Amino acid sequence: MEGAIAEALGSAQVASQVSAAATDASLLCAALTLVAVAALLAWFERFEEGKTYV
């Protein structure tokens, strides 16, 4: 019985670590997406400034 409890606790701990890692990866992905969008907007603004309208 104690072995089953220890195994269940170990499984729960692994699941918790996997969940935390997934959250970290999700936050990193969101941050990288925001950086990419900001860089794209900055480039687009410079591109628009360089245009000459005739």
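Quick caveat, the model's predicted, so the values are computed rather than measured.

**Focus: the overall build of the protein chain**
Scanning the protein chain from N- to C-terminus turns up one helix and zero strands. In summary, the protein chain has a C-alpha radius of gyration of 24 Å against a globular reference of 10 Å for 54 residues, an excess of more than 25%. Along the first, second and third principal axes, the C-alpha set of the protein chain runs to 85 × 10 × 5 Å. Of the roughly 4900 Å² of accessible surface on the protein chain, 70% is carried by carbon and sulfur atoms.

**A few points about the packing of aromatic side chains**
Taken as a whole and judged by the stated rule, the model has two aromatic pairs. Measuring from centroid to centroid gives 5.3 Å for Trp-43 and Phe-47, while their planes differ by 15 degrees, and the two rings are stacked. One end of the pair, Trp-43, and the other, Phe-47, are both in helix α1 (residues 2-50), four residues apart, so they sit about a helical turn from each other. The exposure class of Phe-47 is partly exposed, given its relative accessible area of 40%. Within the aromatic cluster, the residues linked to one another by ring pairs are Trp-43, Phe-44 and Phe-47.

**With respect to the environment of Ala-36**
Examined against the element boundaries, Ala-36 turns out to sit in helix α1. On the basis of relative accessibility, which here comes to 44%, the residue Ala-36 falls in the partly exposed class. Here the alpha-carbon distance between Ala-36 and Met-1, two residues 35 residues apart in the chain, equals 52 Å.

Rules behind the numbers
Residues numbered from 1 in each chain as written. Predicted model: local features only at pLDDT ≥ 70, side-chain atom pairs only at ≥ 80, totals over all residues. Heavy atoms only, no water. Helix = DSSP H or I, 4+ residues; strand = E, 2+ residues; numbered from the N terminus. Rg over C-alpha atoms; globule rule 2.2 N^0.38 Å. Areas by Shrake-Rupley, 256 points an atom, 1.4 Å probe, with all protein chains shown as cover. Phe/Tyr/Trp six-rings, centres within 6.5 Å; stacked < 30°, edge-to-face > 60°. Buried < 20%, exposed > 50% of the residue type's maximum accessible area, 1.4 Å probe, protein only.

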